[in-house]
Amino acid sequence: MSATTDRSKDPIVTTPPARIAMFIDGVWTGGTSGRTEPIIDPATGQSLGEVPIAAREDLDRAVEAASRSFPAWRDTPVDERGAILHRAADLIRERLSRIAWIMTTEEGKLLSQSTAEVIRVAKGIDWDAEDARRLYGRIIPVDHDTEMSVIHQPVGPVAAFTPWNFPAASPMRKLGGALSAGCTIVLKASEETPGTACALVQCFEEAGVPAGVINLVFGVPAEVSQHLITSPAIRMVAFTGSIPVGKRLAQLAGEHMKPSIMELGGHAPVVICRDADPERAGKAVAAAKYVNAGQVCTSPSRIYAHADIYDAFLDSYSGESRSLRVGNGLDESSQMGPMANTRRLAAMDELLEDAQERGTSVICGGSRIDQPGFFYEPTVLTEVPTEARIMREEPFGPVSAVLRFDDLNDALAAANSLPYGLAAYGFTGSADTADVLKRGLEAGIISINHCGGSVPEAPSGGVKDSGWGREGGSEGLDGYLITKRISHKLR
Ligand code: NAD
């Protein structure tokens, strides 16, 4: 474990405490229920404060505000909307260290990772604001006296739900997409990381987003989603989170004929071919694996290495894993932080117990770290039978399995054998093999010879059970728009 850093320079110590409240119709409020839940620092297990829990009346006020403010926001010129969003992005950049600090204390990830996330958030908002200027329609030549055209318009008030693992990036995807397209939003951010969401929304408020356009609520997740999705004024649903919850919300949205974006989990395979550099691959996969203690939907988790380079890869990968310094994300010497909550620790225990009962070898790690906070060891497993739960269930933690293959077709079949399809990775020295991997891996996000992260310029999203719709890239606003065909008889 790493040494404790001097806290006297921490931005949280030198600036006022984060405001933890709901933001409804332009007003920060504790809500009408008086109920709260504790916010826990995963690096210490100590309480950081309380988050308010919305009552139905609070949700109704949020939906009413989003509905009332929609026509004026929709009709605001795109460059005026864009200017407000760019100002919000600038404020986020100005408050970078403070927002990153809040994120690390609430969620546990390394301060360097929180900082990188906040920078990505500002870039993402800028991208969405600019992309809204290019929501072109088209004229279709059908008949000399009839003009046939296609236009895109904002779908209406959006209900959005974001998880704790990307406390800033996930809300940004929803806020940036909805607001740029001209939609208003009721966002239920995670109750486990509310300070980050509040800090972001405060930037939008100060940038000049009119009252009612953004509403931020917290509550009992199942109650909030049931209420918001079935509210007639809500026209679209955007969710990031687990596959079981996503399926429930997609079903609810479907019953009410509301379109949705579903950014769900995965169980990302990595195929390391015979002609890959095993040492380089080991370093690259380890660098990606332990980001946010493995609690990333694109985290590499099932690694298939060709028999000829298997030992060299395993040496490199397990060596990197074993040498990681695990500690408080605020400490500069830490290389991996804690898990975000006790649910994830319990999930790691269950997956490891099941795998070991089935004869799996634990190459390194395999246990909780005995100290306050929610720390788990970087863990590499081999000889894992396909029936083991870890081979079928998304680990969402610092645990992965390394398996051996002889034939690339078998590796591809194994990689594609699960119902998930979010991210997949391949390592090879051959352009032909790279092409086979790019086309053959069933996933919405493919990286070859590295484990690429998301950028505002390119779309992210899954196939199969990992969801539908895309966030980012020139596809990023599609989910927030309706398409109209217009036929105009000219003569
Ligand atoms: P969970 O399924 O209980 O919750 C996931 C997220 O959805 C949380 O933010 C939670 O507040 C929210 N949620 C839960 N029930 C909801 C409901 N009925 N309506 C609206 N929102 C609801 O799981 P968890 O223990 O918090 O997280 C672990 C699992 O979540 C992992 O297995 C992982 O697959 C998944 N996850 C995926 C992503 C992603 O980016 N795709 C992000 C976070 C978590």
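Residues numbered from 1 in each chain as written. Predicted model: local features only at pLDDT ≥ 70, side-chain atom pairs only at ≥ 80, totals over all residues. Heavy atoms only, no water.

Section: the sheet that holds strand E14 (residues 361-364)
The strands that make up a sheet pair up through hydrogen bonds in the backbone, lying either parallel or antiparallel.
And then number 1: As summarised here, the arrangement of the seven strands in space is E14-E15-E16-E13-E12-E17-E18, forming an open sheet in which the pairing is mixed. Of all strands in the sheet, those with a lone pairing partner are E14 and strand E18 (445-448), marking the two edges. Put simply, the sheet's adjacent strands are angled 20° from each other on average, direction ignored.
And then number 2: Bridge count for strand E12 (residues 268-272) against strand E13 (residues 300-306) is five bridges, and the pairing is parallel. Note on E13: the bridge partner recorded for Ala 268 is Pro 300.
And then number 3: Sitting on the sheet, helix H13 (residues 408-415) touches E12, E13 and strand E16 (399-405), and the angle it makes with E13 is about 170°. (Pairing = 2+ DSSP bridges. Helix = DSSP H or I, 4+ residues; strand = E, 2+ residues; numbered from the N terminus. Axes fitted to C-alpha atoms, helices over the stretch in contact; angles between N-to-C directions. Contact = heavy atoms within 4.5 Å.)

Observations regarding the packing of aromatic side chains
And then number 1: A full pass over the atoms with the stated rule returns three aromatic pairs.
And then number 2: For the ring pair Phe 23 and Trp 28, a centre distance of 4.7 Å and an interplane angle of 40° mean the geometry is tilted. Taken individually, Phe 23 and Trp 28 each receive the classification buried, so the pair is uniform in this respect.
And then number 3: On the basis of an interplanar angle of 75° and a centroid distance of 5.6 Å, the ring pair of Trp 164 and Phe 396 is categorised as edge-to-face. (Phe/Tyr/Trp six-rings, centres within 6.5 Å; stacked < 30°, edge-to-face > 60°. Buried < 20%, exposed > 50% of the residue type's maximum accessible area, 1.4 Å probe, protein only.)

So, the sheet that holds strand E6 (residues 146-154)
And then number 1: On the basis of which strands lie adjacent, the open sheet formed by three strands has the order E5-E6-E20 and antiparallel pairing. Of all strands in the sheet, those with a lone pairing partner are strand E5 (138-143) and strand E20 (481-489), marking the two edges. Put simply, the sheet's adjacent strands are angled 25° from each other on average, direction ignored.
And then number 2: Inspection of the sheet shows E6 paired to E20 by nine bridges, in the antiparallel sense. When the bridges of E20 are listed, Ser 149 appears paired with Ile 486.

Regarding the side chain of Ser 69
And then number 1: If you trace the backbone, Ser 69 turns up in helix H2 (residues 56-74).
And then number 2: Exposure remark for Ser 69: the relative accessible area of 9% places this residue in the buried category.
And then number 3: There is a polar contact of 3.5 Å between the side chain of Ser 69 and the backbone nitrogen of Val 213. (Polar contact = N/O pair within 3.5 Å; in protein donor to acceptor, adjacent residues only side chain to side chain.)

Looking at the site of the ligand
And then number 1: In the vicinity of the ligand, 23 residues are found, and the nearest of them are Trp 164, Ser 225, Ser 242, Arg 343 and Glu 394.
And then number 2: Between Trp 164 and the ligand, the recorded distance is 2.8 Å, taken from a side-chain N or O atom to an oxygen atom.
And then number 3: Separating an oxygen atom of the ligand from a side-chain N or O atom of Arg 343 is a distance of 2.8 Å.
And then number 4: Of all elements in the fold, only helix H8 (221-230), strand E10 (236-240), helix H9 (243-255) and helix H12 (342-357) reach the threshold of two or more residues within the shell around the ligand.
And then number 5: Partitioning the shell around the ligand into residue classes produces 10 nonpolar, seven polar and six charged. (Near = heavy atom within 4 Å. Nonpolar A, V, L, I, M, F, W, Y, C, P; charged D, E, K, R; others polar.)

A short note on helix H3 (residues 78-94)
And then number 1: The end-to-end C-alpha distance of H3, which contains 17 residues, comes to 24 Å, matching closely the 24 Å that a straight helix rising 1.5 Å per residue would cover.
And then number 2: Looking at H3, one finds that the buried residues are Arg 81, Gly 82, Ile 84, Leu 85, Ala 88, Ala 89, Leu 91 and Ile 92.
And then number 3: Among the structural elements, H2, helix H4 (96-107), helix H5 (111-131), helix H6 (169-181) and helix H7 (194-207) are those in contact with the buried residues of H3. (Expected span 1.5 Å × (residues − 1).)

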